[in-house]
Amino acid sequence: MPAKGCKSVAVSGKRQTLNEFVTSAFRGNSQYDGLDAVISAIAEGSRQIHLQVQAATLADVIGVTGETNVQGEIVQRLDTASSDIFVDVLRNSGRVAVIGCEEIEKPVIAGDDEKHSYMVLMDPLDGSSNIDVAVSIGSIFGIWRRNAGDQVTEDSLLRPGNEQVAAAYVVYGSSTIMVIATSNNVQGFTLDPETGSFAITHPDLRIPEVCPYYSTNEGNFKTLDESTQRAVTALRDTCSLRYVGSLVADFHRNLLKGGIFLYPADLNRPGGRLRLMYEANPLGYVAEQAGGAASTGRQRIMDIMPEELHQRTPLILGNKDVVEKTVAIISG
Ligand code: AHM
Ligand code: MG
């Protein structure tokens, strides 16, 4: 209930809801058959996580679990809760055959009859270092179609980003926003906390042609090779720095305002820091469908043939022209 004197704000009004959107965009379209159930499941999981994020300190979900995940990183309680929630809702959608997750070493096989026609790779809680300091965090999803008739195995997920049929992310920030991309189509929805449903607020997103911002961890500058240092120096001359430290929040900011995100390879992380399958591929897909680009500095992210579920990659992501100029300097 709102505090005395505060009016509750219903944001959805007469806007198209996410349910209406997925029903009209995907249902009855054989290319996207069943995708409405997958997206609705993600929306339901995000709604639950939004509530936990809002009440994090009070609900005792902040803190470490005492375990390390498959990346050797400290697992926050909210990481585990988010992973459990999304595995549950995706499994219950009845349309997902297999789930790959940052927090789970092996793929989770959810079903293999022909209705289970999608494969989802996810970072259920991106930006873990920002959980306990009330800074934006998020969830990221790449969605592939399963080859009809193929048996579902642990290797089924090892497919390149260019075969994704959709991708989505959620930012839990000053508001909770879900962005969904399919071929040449990127739509943003905001959660109405009053009703628990998402309503369209950012239709037909395109990354701006201007690129006023760059986002990178400047603290790593001295560990970059010489050509990457030159690329970052060039960005310093033309852009302002904005770095949240949650990939999904940095990317979302750049998608709305114009910008480029870089987590290149460096001396300490020769293979890069971020994960190919559930960070770079999905956000690379969203960027490309919105007119942007994603590269390792040598190769288009979408063209990488994955070798393992949790592999890392350098990532340069955002405004197409500026990504291309940056890649030219790095590889030049
Ligand atoms: P996480 O998925 O465990 O949260 O880690 C990934 C995060 C990204 O969100 C962010 O871009 C990056 O790590 C920040 O790394 P750094 O602290 O080295 O700048
Ligand atoms: Mg992450």
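Keep in mind that this is a model prediction, so the values were computed, not measured.

Participant: Just checking my understanding: could you explain unusual backbone geometry for this structure?
Facilitator: Glycine aside, negative phi is the norm for most residues, and most peptide bonds take the trans geometry. Even without being a glycine, alanine 134 presents a positive backbone phi close to 60°. For alanine 134, a count of 11 C-beta atoms within 10 Å puts it in the exposed group.

Participant: Looking at this model, I keep getting lost on the sheet that holds strand β4 (residues 104–109). Mind explaining?
Facilitator: By definition, the strands of a sheet pair up through backbone hydrogen bonds, in either a parallel or an antiparallel sense. Reading across from one edge, β4-β3-β5-β6-β7-β8-β9-β10 is the order of the eight strands in this open sheet, with mixed pairing throughout. Looking at strand neighbours, the two that pair on one side only are β4 and β10 (197–202), the edges of this open sheet. In this sheet, adjacent strand axes meet at a mean angle of 20° when their direction is disregarded. Direction of pairing for strand β3 (residues 96–101) relative to β4: antiparallel, over a ladder of three bridges. In the sheet register, cysteine 101 faces β4, and the bridge partner there is isoleucine 104. Helix α5 (residues 247–257) rests against β5 (118–126), β6 (137–145) and β7 (164–172) of the sheet, and its axis sits at about 100° to β7.

Participant: What am I meant to see in the pairing of strand β8 (residues 176–182) here?
Facilitator: Side-chain direction in a regular strand flips from residue to residue, so the side chains alternate between the two faces of the sheet. Burial analysis of β8 places seven of its seven residues in the buried class, the great majority of the element. Burial of β8 is two-sided: the residues Thr176, Met178, Ile180 and Thr182 facing one way and the residues Ile177, Val179 and Ala181 facing the other way are all buried. Pairing geometry for β7 and β8, over six bridges, is antiparallel. Directly across from tyrosine 169, in β8, lies its bridge partner valine 179. Note: β8 against strand β9 (residues 185–192), six bridges, orientation antiparallel. Note that in β9 the partner of isoleucine 180 across the bridge is glutamine 187. With antiparallel pairing between neighbouring strands as the criterion, β8 and β9 make up a hairpin whose turn holds two residues, including asparagine 184 at a positive phi of roughly 55°.

Participant: Explain the packing of helix α4 (residues 226–238) against helix α7 (residues 320–331) here, please?
Facilitator: A packed helix pair is summarised by two numbers, namely the angle formed by the two axes and the spacing between the axes. Packing of α4 against α7 brings their axes to within 7 Å, and their N-to-C directions diverge by 150°. Between α4 and α7, the angle falls in the class roughly antiparallel. Viewed along their axes, α4 and α7 form a crossing whose handedness is right-handed. On the side of α4, the interface is formed by Ser227, Thr228, Arg230, Ala231 and Ala234, while α7 contributes Thr326, Ile329 and Ile330. Broken down by class, the residue content of the contact of α4 with α7 amounts to four nonpolar, three polar and one charged.

Cut-offs used in this document
Residues numbered from 1 in each chain as written. Chains lettered and ligands numbered in written order. Predicted model: local features only at pLDDT ≥ 70, side-chain atom pairs only at ≥ 80, totals over all residues. Buried ≥ 20, exposed ≤ 12 C-beta atoms within 10 Å, placed from the backbone. Pairing = 2+ DSSP bridges. Helix = DSSP H or I, 4+ residues; strand = E, 2+ residues; numbered from the N terminus. Axes fitted to C-alpha atoms, helices over the stretch in contact; angles between N-to-C directions. Contact = placed C-beta atoms within 7 Å. Parallel < 35°, antiparallel > 145°, perpendicular 65-115°, else oblique. Left-handed = near helix turned anticlockwise from the far one by under 90°. Nonpolar A, V, L, I, M, F, W, Y, C, P; charged D, E, K, R; others polar.

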